[in-house]
Amino acid sequence: MLSFKRILCSTIVVSGLISPALSPALALDYEAKPVNAVISAPFKAVGALSGMATCGLFSGPVDGGFHQAKKSTSKLAGAFGDENGKPEVLAAAPIMGPVGLAVGGVKGVFKGAVHGAKKGWEKPFSRWSFVTAEEEGKK
């Protein structure tokens, strides 16, 4: 009967012989992924995380809250009669302004985080990875 030590030694020897044979299959494919991409990946990851945090916590909620409050106020003012009329907007602003600000702020957290992660990966630490506005040439 085989002893435990003998089985353990056989397992170690077999795994030591098989692992070098598998290493080329597990290695990075340098033709598909250039070395530059592998080296810049940590820098891009930190840029994406910092852009996601900044846009998700600051820029996105402010931008989303402002735009949603403006849209909600003009929608209720349109229901009152004229969405561009001053009396209708003044009547709708105290009602829908805070609601739109809260809803847009919550939606802006998620939209800002996604925007910051995308732009932070494409252009790490650029100003476009920290604000939710689009670049001038891409509007």
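Quantities reported herein were computed from a predicted structural model and do not represent experimental measurements. (Residues numbered from 1 in each chain as written. Predicted model: local features only at pLDDT ≥ 70, side-chain atom pairs only at ≥ 80, totals over all residues. Heavy atoms only, no water.)

Participant: Describe the overall build of the protein chain, and please don't skip the residues or the numbers.
Facilitator: When helices and strands are tallied, the protein chain shows 3 helices and 0 strands. Order of helices (α) and strands (β) in the protein chain, N terminus to C terminus: α-α-α. For the protein chain, the residues scored as buried account for 24% of the 139 residues in total. (Helix = DSSP H or I, 4+ residues; strand = E, 2+ residues; numbered from the N terminus. Buried < 20%, exposed > 50% of the residue type's maximum accessible area, 1.4 Å probe, protein only.)

Participant: So what's going on with the pattern of salt bridges? Which residues, and what values?
Facilitator: Evaluation of the coordinates by the stated rule reveals 1 salt bridge. Close ionic contact of Lys119 with Glu122 constitutes a salt bridge, the shortest N to O distance being 3.7 Å. In this pair, Lys119 and Glu122 are both assigned in helix α3 (residues 86-122), 3 residues apart and thus about one turn of the helix distant. Relative accessible area serves as the criterion here: at 12%, Lys119 is assigned to the buried category. By relative accessible area, which is 48% here, Glu122 ends up partly exposed. (Salt bridge = Lys/Arg side-chain N within 4 Å of Asp/Glu carboxyl O.)

Participant: Provide a residue-level description of unusual backbone geometry, including the pertinent values.
Facilitator: Even without being glycine, Phe125 reaches a positive phi, approximately 60 degrees. For Phe125, the location among the structural elements is in the segment after α3.

Participant: Describe α3, listing the residues and the values that go with them.
Facilitator: Taking 1.5 Å per residue as the helical rise, α3 with its 37 residues ought to reach 54 Å, whereas the 43 Å between its terminal C-alpha atoms falls clearly short. Maximal helix bending in α3 amounts to about 55 degrees, located at Ala93; proline Pro94 follows within four positions. (Expected span 1.5 Å × (residues − 1). Bend = angle between axes of the 7 residues up to and from the residue.)

Participant: Quick one: what's the story with the packing of aromatic side chains, residue by residue and with numbers?
Facilitator: Aromatic ring pairs are defined here through the distance separating the ring centres and the angle between the ring planes. If you walk through the whole model with that rule in mind, you get 1 aromatic pair. Aromatic side chains Phe43 and Phe125 sit 5.3 Å apart centroid to centroid with 50 degrees between the ring planes, which places their arrangement in the tilted category. With Phe43 in helix α2 (residues 35-80) and Phe125 in the segment after α3, this residue pair connects regions lying 82 residues apart in the sequence. Exposure remark for Phe43: the relative accessible area of 48% places this residue in the partly exposed category. (Phe/Tyr/Trp six-rings, centres within 6.5 Å; stacked < 30°, edge-to-face > 60°.)

Participant: Quick rundown of the environment of Pro87? Include the residues and the values.
Facilitator: Examined against the element boundaries, Pro87 turns out to sit in helix α3. For the pair Pro87 and Ala77, spaced 10 residues apart in sequence, the C-alpha separation works out to 8.6 Å.

Participant: Describe a nonpolar patch on the surface, and please don't skip the residues or the numbers.
Facilitator: On the surface, a nonpolar cluster with roughly 340 Å² of combined accessible area is contributed by Phe4, Leu8 and Ile12. For Phe4, a relative accessible area of 64% puts it in the exposed group. (Patch = residues over 30% accessible without salt bridge, like charges linked within 9 Å, V, L, I, M, F, W, Y side chains within 5 Å. Areas by Shrake-Rupley, 256 points an atom, 1.4 Å probe, with all protein chains shown as cover.)

Participant: I'd like a description of the environment of Phe43, backed by residues and values.
Facilitator: Between the C-alpha atom of Phe43 and that of Trp121, which follows or precedes it by 78 residues, the distance is 8.7 Å. Those residues in contact with Phe43 that sit more than four places away from it in its chain are Pro124 and Phe125. (Contact = heavy atoms within 4.5 Å.)

Participant: With reference to specific residues and values, describe the side chain of Ser59.
Facilitator: Mapping Ser59 onto the fold places it in helix α2. Setting aside anything within four residues of it in sequence, one finds Ser59 in contact with Thr54, Phe130, Val131 and Thr132.

Participant: Report on the side chain of Ser72, specifying residues and quantitative values.
Facilitator: Mapped onto the elements of the fold, Ser72 is located in helix α2. Residue Ser72 is classed as buried on the basis of its relative accessible area, which comes to 10%. With residues near it in sequence (within four places) discarded, Ser72 still touches Met96 and Gly100.

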